[in-house]
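Structural overview
In case you want the letters, here they are:
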Amino acid sequence: MRQVYLDHSATSAVDPRVVEAMMPFFDMRYGNASSLHTMGQEASRALQDARTTVAQILNCHPEEIVFTSGGTESNNAALKGAAFARLRKGEKGHIITSTIEHDCVLNTCQWLESLGFSVTYVPVDTYGLVSQESLEDAITKDTFLVSIMHANNEIGTIQDIRELVQIAHDHDVLFHTDAVQSVTKVPVDVHDIGVDMLSISSHKIHGPKGAGCLYVKKGTTIDPLMHGGGHEKGFRSGTENIPGVVGLAKALAVGEEERPREMPRIERLRDELIEGASAIENSWLNGHPKKRLPINAHFCFRFIEGESLVLRLSGKGVYASTGSACSSKSLKPSHVLLAIGLPPEDAHSSLRLTLGRDNTEDDIQYTLKVLPEVVTDLRKISPFKASFQE
Ligand SMILES: Cc1ncc(COP(=O)(O)O)c(C=O)c1O
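Just so you know, these numbers come straight off a predicted model, no measurement behind them.

Cut-offs and rules
Residues numbered from 1 in each chain as written. Predicted model: local features only at pLDDT ≥ 70, side-chain atom pairs only at ≥ 80, totals over all residues. Pairing = 2+ DSSP bridges. Helix = DSSP H or I, 4+ residues; strand = E, 2+ residues; numbered from the N terminus. Axes fitted to C-alpha atoms, helices over the stretch in contact; angles between N-to-C directions. Domains from an automatic or database assignment. Nonpolar A, V, L, I, M, F, W, Y, C, P; charged D, E, K, R; others polar. Buried ≥ 20, exposed ≤ 12 C-beta atoms within 10 Å, placed from the backbone.

1. Regarding the sheet that holds strand β7 (residues 197–201)
Read from one edge to the other, the open sheet built from 7 strands follows the order β2-β8-β7-β6-β5-β3-β4, with strand pairing classed as mixed. Here the strands that pair on one side only, and so sit at the sheet edges, are β2 (65–68) and β4 (118–122). Across the sheet, the mean angle from the axis of one strand to that of its neighbour is 20°, orientation sign disregarded. In the sheet, strand β5 (residues 143–147) pairs with strand β6 (residues 174–178) via 3 bridges, with the strands oriented parallel. Opposite leucine 145, over in β6, you have leucine 174 as the bridge partner.

Here it is, written out as structure tokens:
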């Protein structure tokens, strides 16, 4: 059976060039970067080279990059790190985030609330955009941090991040952004965006799982989550994952190098998907029509359950998801879809198709052949069919 992987926002295949770059660090050059001998120095050099590569791509200094285990850790490190730095001085304060953040930001904020921090969850419009006015209105004299994602993992909407950062900085407030979904898909230049902290995950960009990084602008005070041998300048102790770090740097380098050719190609395929799927009766695209990730198409197909759709498509070899991979096993409707104003029954009928390097025109044609058939079949057995006139 033909297989079409359209779940690249959940995770992506490790690129063969990335595998090749990582391989020697498993069994040949496996030294500990803290060891003084030649193999240790070799590992230390690989670590520094990777740091330089990542910094060049993000347009920052190598010392501003902290390697982590991925997006979840980077986001936790940014938010808790900024909060703990205040606790250490006997202060608490106010954090602003949005209602459509990834669970690892929302749950971190809720946990910080249980410690006595206050959090405002700013709303978004029907496209998933945070308005400059709502951010401005939410800032108080106690606000010390804003965390708003660059691009949303479910509906693909890209925020006007530069403008939002400017508002926070006008009030001397730190700004963190989760760029897990945007990096290598759209330009991410920390200097240009102006953020103080930015999170990246390797497995979303054809790199290995369990690797990521946090950009922390020089002069930003955050406390570490991990205490130990003082690795990563004391910010993240623990023997460095050299194969992972090398893989992350290579994945970023390949992604950035190919972005100018690859993203317009993928965007064209994505637009074909949008056109074809939107032609199905009682369906629509979610997220912003223009300010969206080139890889993302997210729909509602009214009267059917997104989970059933995903399983039926999987039976035909098309791999998609309803929304975020992390919450796909929960029966709750997506908080992102509720936040953009969809009623729960429509929020349950969602399908996310996210494209990547390996997708071809044939994949899209096959998906557009299978999708309407599956939607029609499911609607025939839909418990909501009484209200549905074919
Ligand atoms: C926007 C966003 N942030 C954070 C994460 C978590 O990243 P990781 O899987 O590397 O922990 C994800 C993963 O789905 C994501 O989409």
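2. Some thoughts on the domain arrangement of the protein chain
Accessible area lost upon the coming together of the parts serves often as the stated size of an interface. Domain annotation of the protein chain identifies domain 1 (4–11 + 259–381) and domain 2 (16–254). Taking only C-alpha atoms, the centre of domain 1 and the centre of domain 2 are 27 Å apart. Every element with two or more residues in the side of domain 1 that touches domain 2 is listed here: α9 (242–278), β10 (296–301) and α11 (335–339). Examining the composition of the side of domain 1 that touches domain 2, we find that 3 residues originate from one element, α11, more than from any other. Of the residues assigned to the side of domain 1 that touches domain 2, the class counts are 8 nonpolar, 13 polar and 5 charged.

3. Comments concerning unusual backbone geometry
A positive phi angle is found at histidine 206, which is not glycine, with a value near 65°. Positionally, histidine 206 belongs in the loop between β7 and β8 (212–216). Assessed through the 27 C-beta atoms surrounding it within 10 Å, histidine 206 is described here as buried. For lysine 233, which is not glycine, the phi dihedral falls at a positive 55°. Following the sequence through the fold, lysine 233 ends up in the loop between β8 and α9.

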